[in-house]
Number of protein chains: 2
Amino acid sequence: MLSQAIQDYLKTIYKLEEDGTVSTTAIAKELNISGASVTGMLKRLASMKLVDYNSYKGVRLTNEGRKIALEIIRHHRLLELYLREALGFPLEKIHDEACRLEHVVSQDFLQKIEEILGNPEYDPHGHPIPSKDGDIEISNEKPLVNFRNGDVVIVKRLSDHDPQMLSYFEKMKILPSTIIRIVDKAPFNGPITVFFNGESQIIGNEISKNIFVELYEEKEEN
Amino acid sequence: MLSQAIQDYLKTIYKLEEDGTVSTTAIAKELNISGASVTGMLKRLASMKLVDYNSYKGVRLTNEGRKIALEIIRHHRLLELYLREALGFPLEKIHDEACRLEHVVSQDFLQKIEEILGNPEYDPHGHPIPSKDGDIEISNEKPLVNFRNGDVVIVKRLSDHDPQMLSYFEKMKILPSTIIRIVDKAPFNGPITVFFNGESQIIGNEISKNIFVELYEEKEEN
DNA sequence: AACAGATTTTAGTCCCATCTAATTTCAAAT
DNA sequence: ATTTGAAATTAGATGGGACTAAAATCTGTT
Ligand SMILES: [Mn+2]
Ligand SMILES: [Mn+2]
Ligand SMILES: [Mn+2]
Ligand SMILES: [Mn+2]
């Protein structure tokens, strides 16, 4: 069994990999540990064939490493959803709890909650949940701030790094699948006036970089 | 935060303390580690004032140590019950899962499941669940084997050490609150014929040492 | 080409939790 | 009182995972 530390490293590297190969410092920042510690661990991970590591040049996950990362991410996201749906956790508390539980839950446990949740596809932040054999949807939402006046968008995903921001999202009822019309973007990266849930609201520019959306196509169903 | 290892030591010492002070070897056996390792840890626990330790004479928990032990036991038992009631885990699988989860669940998590379970008093094996401030019922059930022909008893608690035995109990529907009449005890520690749930069954003598019961007093309620 | 600054790695240390082998202590029986 | 076997402790080692301080490497600028 891989240690909690190793599992979290792999998960972190997976997340950072979107932007090409991953630097020591990036991992250190993300995990809040020293660069030296990261270098040490990267060597170990390399010797276990979980990453490809070139001194001074960063790391990438091997297929094996990626498989494990996705496994843990699967745990994490199923847990987040369960905490929210079944136990009524507030949005900003699910991440930390899931990050501890993800390393100790059994397959049995996951099986049960997945069943109870009805084989869900997304976690409460809108992140796709990897399948048992490590398939994961590649999503391409853009931050709300990228869109223009008049655009109608649907929220797909919320950035999950700042608990306070999540608490704000929850209070504002800005959640995955919320439909938002952009009324007005103030100049010079100013606040954005939006309309949703029958109300007009003003949200900060910074916030709007953390709401990932897609253009909404209204589909008439019979 | 105390490590998982320390938490499990304290829990183990608590359980073994029923029989006076606790020996190094007893702990080692229970945790499946070497005696030398236990000696080392006992010194650390003593230096943390979690146990009173006298070389060659065994340990006892301090009040502080006991408080922590009961806290973890509380986690364990609430989790066992939740796994069974909410997730439908079979009796023999709840212990291991709870033993991993007990070290990482937050107060929030426990609060939620306690509420969902309706402030339960007993876990699925019939063990009392300690209160938040560490009060716990002292129970005095005796093993079924101690009783005599004709006695009618109520199951209070099942020994939880052998998963296979637990699976057997579940299959047989011998569970806490089951009422059993002892029909016949074969001589020389032979099998015991019992009657419950409208059926006659024969159970081994060994098994009957692991079913803890009380004499049942039928109370006529109006 | 040389330098400056940032990034990264190395060297050395620490604590935790375990191990095996050797030694010491205890208690029971002779 | 000695002996002896079991129980417990000490001594020494290991691996994991973190740290700080110092050295090395890289990169972008003069
Ligand atoms: Mn984690
Ligand atoms: Mn998430
Ligand atoms: Mn445990
Ligand atoms: Mn129990």
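Every chain begins its residue count from 1, and numbering advances along the sequence as written. Ligands are numbered from 1 and chains lettered from A, in the order in which they are written. Totals for whole chains, interfaces and linings use all residues, but because this is a predicted model, local features are given only for residues with pLDDT of at least 70 and pairs of side-chain atoms are given and counted only at 80 or more. The side-chain figures draw on all heavy atoms in the structure; neither hydrogens nor water molecules are used.

**Considerations on the protein's contact with DNA strand D**
Looking at DNA strand D, there are 20 residues lining it, with Ser3, Ser37 and Arg44 of chain A together with Thr25 and Tyr53 of chain B nearest. Considering DNA strand D, the proportion of its atoms within 4 Å of the protein that are sugar or phosphate atoms stands at 82%. Each polar contact in these results corresponds to two N or O atoms within 3.5 Å; when the atoms are within protein, one needs to be able to donate a hydrogen and the other to accept it, and residues that are neighboring in sequence are counted only if both atoms are side-chain atoms. One of the side-chain N or O atoms of Ser37 of chain A is found 2.4 Å from a phosphate oxygen in DNA strand D. To qualify as a helix, a DSSP run of H or I must reach at least 4 residues; to qualify as a strand, a run of E must reach at least 2; elements of each kind are numbered from the N terminus. If you list the elements that add at least two residues to the surface near DNA strand D, you get helix H1 (4-16) and helix H3 (35-47) of chain A together with helix H2 (24-31) and helix H3 (35-47) of chain B. Classification convention: Asp, Glu, Lys, Arg as charged; Ala, Val, Leu, Ile, Met, Phe, Trp, Tyr, Cys, Pro as nonpolar; all other residues, Gly among them, as polar. Along the lines of polarity and charge, the residues of the surface near DNA strand D split into nine nonpolar, nine polar and two charged. Residues are classed as near a molecule or strand on a simple rule: at least one heavy atom within 4 Å of it.

**Here we look at the interface of chain B and chain A**
When checking whether two residues touch, look at their non-hydrogen atoms; a contact exists if any pair is within 4.5 Å. Facing the 18 residues of chain B at the interface are 18 residues of chain A. Buried area, as used here, totals the accessible surface that two parts lose on assembly, with accessibility defined by a 1.4 Å probe and the loss added over both. On the chain B side of the interface with chain A, the three residues burying the most area are Leu87, Val104 and Phe109 of chain B, jointly 34% of the side's total. Definition used for salt bridges: Asp or Glu carboxyl oxygen within 4 Å of a side-chain nitrogen of Lys or Arg. Across the contact surface, chain B and chain A share two salt bridges. In this structure, Lys93 of chain A engages Asp108 of chain B in a salt bridge whose closest nitrogen and oxygen atoms are separated by 3.0 Å. For the pair chain B and chain A, the interface holds nine residue pairs in polar contact (both at pLDDT 80 or more).

**Re the nonpolar core**
Here, the term nonpolar core denotes a set of buried Ala, Val, Leu, Ile, Met, Phe, Trp, Tyr and Cys residues that are joined through side-chain atoms within 4.5 Å. Think of it in three bands: residues with accessible area under 20% of the maximum for their type are buried, residues over 50% are exposed, and the middle band is partly exposed, with areas taken using a 1.4 Å probe on protein chains only. Residues Ile174 and Ile211 of chain A together with Ile174 and Ile211 of chain B are the most contacted members of the largest nonpolar core, which totals 76 residues. Those residues in contact with Ile211 of chain B that sit more than four places away from it in its chain are Lys142, Pro143, Leu144, Val155, Arg157, Leu158, Phe169, Ile174 and Ile203 of chain B. One finds Leu10, Ile13, Val38 and Val59 of chain B within the second-largest nonpolar core, a separate group that totals 20 residues.

**Brief notes about empty space enclosed by the protein**
Residue and element names in this part refer to chain A. Lining residues are defined by having an atom within 4 Å of a point belonging to a cavity or pocket. Those points lie on a 1 Å grid over the protein atoms alone, cavities being sets where a 1.4 Å probe fits but cannot get out and pockets being open sets with protein on both sides within 12 Å along at least five of seven lines. Grid points are joined across faces, edges and corners, and a volume is the space filled by probe spheres set on the points. On inspection of all chains with the given rule, the structure shows one cavity of 30 Å³ or more. Lining the largest cavity, in full, are Lys11, Lys15, Ile73, His76, Arg77, Glu80, Asp123, His125, His127 and Asp160. Taken together, the elements giving at least two residues each to the lining of the largest cavity come down to H1 and helix H4 (63-85). Here the element with the most residues in the lining of the largest cavity is H4; it accounts for four residues.

**With respect to the sheet that holds strand S7 (residues 199-203) of chain B**
All names here are of chain B. Taken in spatial order, the six strands of this open sheet run S3-S8-S4-S5-S6-S7, and their pairing is antiparallel. Both outer strands of the open sheet, strand S3 (142-143) and S7, are each paired with one neighbouring strand and no more. Two strands make a pair as long as DSSP finds a minimum of two bridges between them. Bridge count for strand S5 (residues 179-185) against strand S6 (residues 192-196) is four bridges, and the pairing is antiparallel. What sits directly across from Arg181, in S6, is Phe195. Contacting strand S4 (152-158), S6, S7 and strand S8 (211-215), helix H7 (residues 163-172) crosses the sheet at an angle of about 165 degrees to S7. Each axis is a line fitted through C-alpha atoms, and for a helix only the stretch in contact is used; angles between axes span 0 to 180 degrees, taken between their N-to-C directions.

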